[in-house]
Amino acid sequence: MSINTANTPDGLGVLLYNGETIVIFAQGVVMTLGTSQNQGLEGRRTGTIYLTSHRIIFMPDPGDWLKSFEIPFNNMQDVNLNQPIFGANYLCGVATAVQGGQMHGEVPWRMTFNRGGCIEFGQSLLQAVDRAARMRPENAPPAYSPPVGDFYSAPPAYYQPSPDQGPNGFNPTTDSFPDQPNPSRVFMSSAPPPYPGIGPERGPHPTEELHVAGQFEAPPAYSGGETAEGLRRRGN
């Protein structure tokens, strides 16, 4: 898991790795982050969720110091889809820190869907987590590397699900999620994902064919005592 690394500097655009694709896009999602070692992170936020070929990315509505919260499939534990008799369906689980990320320890999380689709999203996420576990390499994934440098307007294929192609395909039903993200807010870095994904392999797109949207530096990690609260106070 990592914070404020899956977004453009203005906090409005989602930032993909080169080769990553968006599978499900859902708005009106409520993400509740529980108590953890990361001060200032706890709380309930409403925003947008992206299920990609490599992770989930939650982006709160504008105005929050938290711009993005991402969890690779291999860093999810105890993911459960709950359907209580009374109350809304919800997803819950635990996110664990990635080596080189900006987080510490574990963060419990819970998601509900104001516009519906929790069951379908949950089934897709459970499938992704299971598939990622079976495809996990024997060696641990490399240290997390947040995007640095140029980022580009993503070509349309990067926010459209790929067709299932063979045993590694991942093409869940998306009938409950007819909307697609605004193309003007989908960007990609020049770097490929630093950890394994699921679905058909998609090689990096030649960046020389794309318009450079801007340059940025990822926010500094808050290791060495700096906390999420410290980042919030500094306006990052």
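This is a predicted model, so every value here is computed, not measured.

Secondary structure assignment for the chain yields two helices and twelve strands. For the chain, the N- to C-terminal ordering of α and β elements is β-β-β-β-β-β-β-β-β-α-β-β-β-α. Of all 236 residues assigned to the chain, the portion counted as buried reaches 51%. For the chain, the share of sequence-separated contacts (at least 6 apart) that also reach a separation of at least 24 residues comes to 71%. Total accessible area on the chain stands at roughly 10,900 Å², and carbon and sulfur atoms take up 46% of it.

With that out of the way, let us pick up the side chain of T96. By secondary structure assignment, the location of T96 is in strand 8 (residues 90-96). Not counting residues within four places of it along the chain, the set of residues in contact with T96 comprises M1, N75, Q77, G105 and E106.

Turning next to unusual backbone geometry. A positive phi is found at N4, a non-glycine position, where the angle reads about 55 degrees. Structurally, the position occupied by N4 is in the loop between strand 1 (2-3) and strand 2 (14-16). Under the relative-accessibility criterion, N4 is labelled buried at 6%. Of note in this structure, D78 is not a glycine but carries a positive phi near 50 degrees.

What counts, and where the lines are drawn
Residues numbered from 1 in each chain as written. Predicted model: local features only at pLDDT ≥ 70, side-chain atom pairs only at ≥ 80, totals over all residues. Heavy atoms only, no water. Helix = DSSP H or I, 4+ residues; strand = E, 2+ residues; numbered from the N terminus. Buried < 20%, exposed > 50% of the residue type's maximum accessible area, 1.4 Å probe, protein only. Contact = heavy atoms within 4.5 Å. Areas by Shrake-Rupley, 256 points an atom, 1.4 Å probe, with all protein chains shown as cover.

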